[in-house]
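Descriptive analysis of the structure
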Amino acid sequence: NDTSDDNNGDIKLQDNKFDSDRKRKLMFSLRSFVTVLALSVHGIFESMAIGLQLQVRDVWKLFLAVTLHDATIHFCVGMDMFNGGVKKAHIMIYFTILGLITPGGVTIGILVTEGAGGGENATQTLIVGLLQGLSGGTLLYIAFYEVLDREKLAKAGMTGLIGCALLIFGFSAMAALEAAGGH
């Protein structure tokens, strides 16, 4: 009887471990989906900003900035998903969606620019400001949701305070570049 009780205890432990693993994978998959959703919303507004530009030079500058920004973020998110055990098919679907979002956003931006008169007027300035604010808000959400995740910071040997300081430094550096660029 002692042996059967031990075996039942082992089976229960294995079942609990299986359920815990399953819950962890489900939560990670849900979190990956929400991250891709947030990146998609951010990508729409970010790419709309490209389509809202009036000068060709500004379009190319913003295109380069968005490309560098997206490549870095998408690489990190993709590696996180891969290391977290998300199915390769799901990763491919997520990144196909993200890849289609940018051209769609640029198209919407061009249509909005044409609809607002295509010139430097108060309506267009309001629209550009609103869309840039929404884009910035989604970026902040992603930064605080993903970048400042306590588990990720702990794996890197950092505290939340150090992570926040580095995040502020990064935003400050980008703001300084923007201010120096005269855009």
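Every value quoted in this text rests on a predicted model; they were computed, and no experiment measured them. (Residues numbered from 1 in each chain as written. Predicted model: local features only at pLDDT ≥ 70, side-chain atom pairs only at ≥ 80, totals over all residues. Heavy atoms only, no water.)

All right, on to the overall build of the protein then. Check the secondary structure of the protein and you find 6 helices and 0 strands. For the protein, the N- to C-terminal ordering of α and β elements is α-α-α-α-α-α. Buried positions account for 26% of the 183 residues belonging to the protein. Nonlocal contacts in the protein, meaning residues at least 24 apart in sequence, comprise 71% of its contacts between residues at least 6 apart. Surface exposure of the protein reaches about 12,300 Å², of which carbon and sulfur atoms provide 68%. (Helix = DSSP H or I, 4+ residues; strand = E, 2+ residues; numbered from the N terminus. Buried < 20%, exposed > 50% of the residue type's maximum accessible area, 1.4 Å probe, protein only. Contact = heavy atoms within 4.5 Å. Areas by Shrake-Rupley, 256 points an atom, 1.4 Å probe, with all protein chains shown as cover.)

Okay, helix α3 (residues 88–115) next. Because an α-helix completes one turn every 3.6 residues, residues spaced three or four positions apart along the sequence face the same direction. Spanning 28 residues, α3 covers 41 Å between terminal C-alpha atoms, matching the ideal 40 Å at 1.5 Å per step. Listed in full, the buried residues belonging to α3 are Ile91, Tyr94, Leu98, Ile101, Gly105, Gly109 and Thr113. (Expected span 1.5 Å × (residues − 1).)

Let us look at the nonpolar core. In terms of nonpolar packing, the biggest core is built from 9 residues, these being Phe28, Val36, Leu39, Val77, Met81, Val86, Ile91, Tyr94 and Leu98. If near-sequence neighbours (up to four positions away) are discounted, Val86 is found in contact with Phe28, Ser32, Met81, Ile91 and Tyr94. One finds Met48, Leu52, Val128 and Leu131 within the second-largest nonpolar core, a separate group that totals 5 residues. (Core = buried A, V, L, I, M, F, W, Y, C linked by side-chain atoms within 4.5 Å.)

Right, let's talk about helix α2 (residues 56–84) for a bit. The end-to-end C-alpha distance of α2 is 41 Å, a good match for the 42 Å that 29 residues give at a rise of 1.5 Å each. All of the buried residues in α2 are Asp58, Val66, Asp70, His74, Val77, Gly78, Met81 and Gly84.

What follows deals with the packing of aromatic side chains. Evaluation of the coordinates by the stated rule reveals 1 aromatic pair. Look at Trp60 and Phe63: their rings are 5.7 Å apart centre to centre, the planes differ by 90°, and that puts the pair in the edge-to-face class. You can see Trp60 and its partner Phe63 sitting in helix α2, 3 residues apart, about one turn around the helix. Assessed through its relative accessible area of 56%, Trp60 is described here as exposed. A residue is classified by how much of its surface remains accessible, and Phe63, at 42% relative accessible area, is partly exposed. (Phe/Tyr/Trp six-rings, centres within 6.5 Å; stacked < 30°, edge-to-face > 60°.)

A word on the packing of α2 against α3. Between α2 and α3, the shortest axis-to-axis distance is 10 Å and the interhelical angle comes to 165°. By the angle between their axes, α2 is roughly antiparallel relative to α3. Seen along the crossing, α2 lies across α3 with a hand that is right-handed. Where α2 abuts α3, its residues Asp70, His74, Val77, Gly78, Met81 and Phe82 lie against Lys88, Ile91, Tyr94, Phe95, Leu98 and Thr102. Class assignment for the residues of the contact of α2 with α3 results in 7 nonpolar, 3 polar and 2 charged. (Axes fitted to C-alpha atoms, helices over the stretch in contact; angles between N-to-C directions. Parallel < 35°, antiparallel > 145°, perpendicular 65-115°, else oblique. Left-handed = near helix turned anticlockwise from the far one by under 90°. Nonpolar A, V, L, I, M, F, W, Y, C, P; charged D, E, K, R; others polar.)

Counting through the fold element by element, Ser32 comes out in helix α1 (residues 2–51). Discounting residues that sit within four places of it in the chain, Ser32 has contacts with Met81, Val86 and Tyr94.

The quantities given are spatial measurements derived from coordinates; they are silent on function.
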